[in-house]
Amino acid sequence: MCGVCGTYSPSGVTDRGVAAAMHERQVHRGPDETYSLNTETICAKLGRLGFTGLADGWQPAEDSTGRYVAMTNGEIYNARELQSRMGLDQPHNGVDIAVVPELFARYGLEGLHLVDGQFATVVLDRARNALYLARDRFGICPMYYTEVGPQVHFCSELKPLVQCVDRPRKVDLSAVDQYLSLGNIVAPRTLVQGVRAVPPGCAVRFDADGSQTLRYWRYGEFAPVAGAVTDVALREAMRASVKDRLRADVEIGAYLSGGFDSTAIVMEAAALSAQPVRTFSVVFDDPGLDEGRFQREVAHAVGSKHEQVSCHHSDITARFEEMVRHCCYPQRETYNVAAMMLAGSVRDAGIKGVVSGEGADELFFGYDSYAFDGLARSRRPSRAENEQAWGRPDFGWEVDWDKVARRRERFLTPWARAALTGHEFHHSRLIPFTDQEVRQLSRMQLRSIADVYVQMSGHLLGDHGDSMLMRHSVEGRYPFLGNSVVSLALQVEDARKMADFEGKACLRSAYEGIVPQSVLQRGKHGFTAYDVQSITSSRTWEDWRALVEASGLFTADCLDGPAETGKWDFRISAISIAMIMDELGLTL
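A brief report on the enclosed structure follows. (Residues numbered from 1 in each chain as written. Predicted model: local features only at pLDDT ≥ 70, side-chain atom pairs only at ≥ 80, totals over all residues. Heavy atoms only, no water.)

1. Description of the pattern of salt bridges
Applying the stated criterion across every chain, the model contains 39 salt bridges. Where Asp261 meets Lys504, a salt bridge forms, and the shortest distance between an N and an O atom there is 2.7 Å. You can see Asp261 sitting in helix α7 (residues 260–272) and its partner Lys504 sitting in the loop between α19 (494–497) and α20 (505–510), a full 243 residues away along the chain. You'll find Asp261 and Lys504 in the same group, each marked buried. (Salt bridge = Lys/Arg side-chain N within 4 Å of Asp/Glu carboxyl O. Helix = DSSP H or I, 4+ residues; strand = E, 2+ residues; numbered from the N terminus. Buried < 20%, exposed > 50% of the residue type's maximum accessible area, 1.4 Å probe, protein only.)

What follows is the structure in structure tokens.
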């Protein structure tokens, strides 16, 4: 994983100082080496965090004809297979991402459909003077961009892009409404007006005629076949995916939460590794949050070299503001402080990458909400807003419309509510499916798609994953998102994923007798940390209230009173959004 940034102008007028300034602000993403690409139309820089080709790899990479040149952040796990498919000799460039421009040369953008990996790539087509900014299937690697006149500025992180491109910036009220309604911001939208995120599975093409978003893959092409996917097939696909993600010229560790997903990965990693696996966990003082005994049980079972990081109330107090101002993404809970601390412990141990369990719940129906989707009595009243957002009037994902209305009233100023009218989150389709396509999906399948595009891509892989990991120059790798595992997940029928109100039933069956029984039988334990009271010591409640009021976006009394009932505390959201507006200089 690396950090890439730059400026492109089809007219040939580029400000090269912007790329240099952005690179300096995200050097934590790639502290090992710096590469540059300079032509008449582009100035790009890449900070490398090296995993492969440490002695014989470099960027930028070109295809054999020299037409396509690319700077790429990420990993291509099936690079050797792709090289063989294209009949290429053993390449001189030892990095796996060197295959990207060759894929463009042979297959065009559709070549990215063949990649098993995680990447954000910048590809220049010299023949047509066109630029592509593309992301992997699930958006593991971030990419942001903004168009300013004839120039396009792009960056792996939002904050350097906004701070280094000199122009007034406003907060995107629709993005704020997305967060207050969904607890997430959905690509391509960001919190900043005029700054976009490349959507997962897409490329944005720029040339003298403007820009166009092109999709090469989407999650949700379900093709269930009864009995076609066996326990053995699932295990083999998982083992192969873990093996691919352990492959590197440096040691790869593992996150171990104590839940089923991370435990299954650690069990596979231990079986594949000649040396004890390095595992890392967070523990809490609060018994209701702590999973330490399960973590220790698994670590003992596989003989890993295990390290625990203790996260206390005082840590949340001391580092919450640091975390928010680093990632510049709204928060609804305090857990990201623990995630940032955990990444720091990994780096302190000399480890540059970890495998982690994200994706299992979304692909194999692991959240409790899936259990109720099949019940007739759980169906919600039809609403036109649902049809606009999701393509079906009876599907609302996690949105409680009454609470959303009360939340807007409590949190947003009268001016903000008036300005938001007609631009509420539901006016944009949130998933890449038409009404007709959505009608062919089961409710659980539709929820899975919504979970991937709303919850996983932006939050779990984004501010919770990439931002916290790369704060300490650590790369996250996700075996459940390997192509072979995803392909099988799309073939497993709903009833084998959610059976007897138990999510991920097919996975649990596949790992029966392998994962410790105490973990196998555990219920879902989501990412959770200390509540809002943990952030009131470094600043008093009056300090937070002043910050929130100064934003001009939120009402003066929105922090007063208790949190509403539900999973998330939107007072934390208001504080974090106000903090980001201050950090980025956003106005209304």
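Back to the text.
2. Remarks on the nonpolar core
One finds Phe138, Tyr219 and Trp390 to be the most contacted residues of the largest nonpolar core, which totals 174 residues. With 13 residues, the top contributor of residues to this core is helix α17 (residues 443–470). Discounting residues that sit within four places of it in the chain, Trp390 has contacts with Leu182, Phe395, Gly396, Trp397, Arg429, Leu430, Ile431, Val438, Leu446, Ala450 and Val454. (Core = buried A, V, L, I, M, F, W, Y, C linked by side-chain atoms within 4.5 Å. Contact = heavy atoms within 4.5 Å.)

3. Regarding the pairing of strand β13 (residues 252–255)
Burial along β13 is two-sided: Ile252 and Ala254 facing one way and Gly253 and Tyr255 facing the other are all buried. Across three bridges, β13 lies against strand β16 (residues 353–355) in parallel orientation. Bridged to Ala254 within β16 is Val355. Two elements, β13 and strand β14 (residues 278–284), share two bridges in a ladder whose sense is parallel. Bridging from a neighbouring strand, Ala254 pairs with Thr279 of β14. Tracing the backbone out of β13, into α7 and back to the parallel element β14 gives a crossover that is right-handed. (Pairing = 2+ DSSP bridges. Right-handed = clockwise from strand over helix to strand, strands pointing away.)

4. Considerations on the side chain of Arg135
Checked against the element boundaries, Arg135 lands in strand β7 (residues 130–135). There is no salt bridge for the buried Arg135, and the closest opposite charge comes from Asp136, which lies 5.8 Å off by N-O distance. At a separation of 2.8 Å, a polar atom in the side chain of Arg135 contacts the main-chain carbonyl oxygen of Cys141. If we ignore the near neighbours within four places in the chain, the residues touching Arg135 are Phe119, Ala120, Cys141, Pro142, Met143, Ala197, Val198, Pro199, Pro200, Gly201, Cys202 and Tyr216. (Lys, Arg positive; Asp, Glu negative; His and termini not counted. Polar contact = N/O pair within 3.5 Å; in protein donor to acceptor, adjacent residues only side chain to side chain.)

5. Re the sheet that holds strand β4 (residues 61–62)
Overall, antiparallel pairing links the six strands, which are arranged β4-β5-β6-β7-β11-β12 in an open sheet. Two strands close off the open sheet at either side, each with one partner strand: β4 and β12 (210–215). Two strands pair when backbone bridges link them, and β4 and strand β5 (residues 68–76) are joined in this way by two bridges, in the antiparallel orientation. Looking at the pairing, Ala61 lines up with Ala70 of β5. Running over the sheet, helix α3 (residues 99–107) touches β4, β5, β6 (117–125) and β7 and is turned about 125° from β5. (Axes fitted to C-alpha atoms, helices over the stretch in contact; angles between N-to-C directions.)

6. Section: the packing of helix α5 (residues 173–182) against helix α14 (residues 401–411)
The contact between α5 and α14 brings their axes to 9 Å, and the two run at 125°. One element, α5, and the other, α14, form an angle in the oblique class. Read as a crossing pair, α5 and α14 show a hand that is right-handed. Contacts from Asp177, Leu180 and Ser181 of α5 reach α14 at Val404, Arg407, Arg408 and Phe411. Here the contact of α5 with α14 is built from residues that sort into three nonpolar, one polar and three charged. (Parallel < 35°, antiparallel > 145°, perpendicular 65-115°, else oblique. Left-handed = near helix turned anticlockwise from the far one by under 90°. Nonpolar A, V, L, I, M, F, W, Y, C, P; charged D, E, K, R; others polar.)

7. Let's talk about the pairing of strand β2 (residues 33–38)
Relative to strand β3 (residues 42–48), β2 runs antiparallel, the two sharing six bridges. For Tyr35, the partnering residue across the bridge sits in β3 and is Leu46. Between the antiparallel neighbours β2 and β3 lie three residues.

8. Examining the packing of aromatic side chains
Applying the stated criterion to the full structure yields 16 aromatic pairs. Taken together, a centroid distance of 5.4 Å and an interplanar angle of 65° make the contact between Phe138 and Trp217 edge-to-face. With a gap of 79 residues between them, Phe138 in the loop between β7 and β8 (144–148) and Trp217 in the loop between β12 and α6 (231–246) connect regions that are remote in the sequence. Just as Phe138 is buried, Trp217 falls in that class too. On the basis of an interplanar angle of 40° and a centroid distance of 6.2 Å, the ring pair of Trp390 and Trp397 is categorised as tilted. Taken together, the aromatic side chains of Phe138, Trp217, Tyr219 and Phe222 make up a single cluster linked through ring pairs. When the ring centre of Phe294 is taken as origin, the NZ or CZ atom of Arg293, which lies over that ring, is 4.1 Å away. (Phe/Tyr/Trp six-rings, centres within 6.5 Å; stacked < 30°, edge-to-face > 60°. Lys NZ or Arg CZ within 6 Å of the ring centre and 35° of its normal.)

9. With respect to the packing of helix α9 (residues 313–327) against helix α23 (residues 570–584)
Two elements in contact, α9 and α23, have axes separated by 9 Å at closest approach and are oriented at 60°. One way to sum up the angle between α9 and α23 is to call them oblique. Note on packing geometry: the crossing formed by α9 with α23 is right-handed. Each of Phe320, Glu321, Val324 and Arg325 in α9 lies in contact with α23, whose residues at this interface are Ile572, Ile575, Ser576, Met579, Ile580, Asp582 and Glu583.

10. Here we look at the sheet that holds β14
If you walk across this open sheet you meet the five strands as β15-β14-β13-β16-β17, and the pairing is parallel. Both outer strands of the open sheet, β15 (305–311) and β17 (475–477), are each paired with one neighbouring strand and no more. Each strand axis lies, on average, 30° off the axis of its neighbour in the sheet, ignoring direction.

11. Focus: the environment of Gly422
Following the sequence through the fold, Gly422 ends up in the loop between α15 (414–420) and α16 (435–439). Taking the relative accessible area as the measure of exposure, Gly422 reaches 41% and is therefore partly exposed. Linking Gly422 and Ser174, residues 248 residues apart in sequence, is a C-alpha distance of 9.5 Å.

12. Here we look at α7
Side chains of residues three or four places apart in an α-helix project in the same direction, reflecting 3.6 residues per turn. Between the first and last C-alpha of α7 there are 19 Å, a value that for 13 residues agrees with the 18 Å anticipated at 1.5 Å per step. Counting buried positions along α7 gives ten out of 13 residues, so the element sits mostly inside the fold. Considered for burial, the residues of α7 that qualify are Phe260, Asp261, Ser262, Thr263, Ala264, Ile265, Val266, Met267, Glu268 and Ala269. (Expected span 1.5 Å × (residues − 1).)

13. Digging into helix α10 (residues 335–348)
For α10, spanning 14 residues, the distance from its first C-alpha to its last is 20 Å, which sits close to the expected 20 Å at 1.5 Å a residue. Every buried residue of α10 is listed here: Tyr335, Asn336, Val337, Ala338, Ala339, Met340, Met341, Leu342, Ala343, Gly344, Ser345 and Val346. Backbone geometry just downstream of α10 places Gly350 in the positive-phi region, at approximately 85°.

14. Regarding unusual backbone geometry
Here Gln59 and Pro60 are connected by a cis peptide whose omega angle stands at 0°. In this fold, Pro60 is placed in the loop between β3 and β4. Pro188 follows Ala187 through a cis peptide bond whose omega is 15°. Even without a glycine there, the phi angle at Asn129 is positive, about 50°. As for its placement among the helices and strands, Asn129 is situated in the loop between β6 and β7. With a phi close to 55°, Asp500 is a non-glycine residue in the positive phi region.

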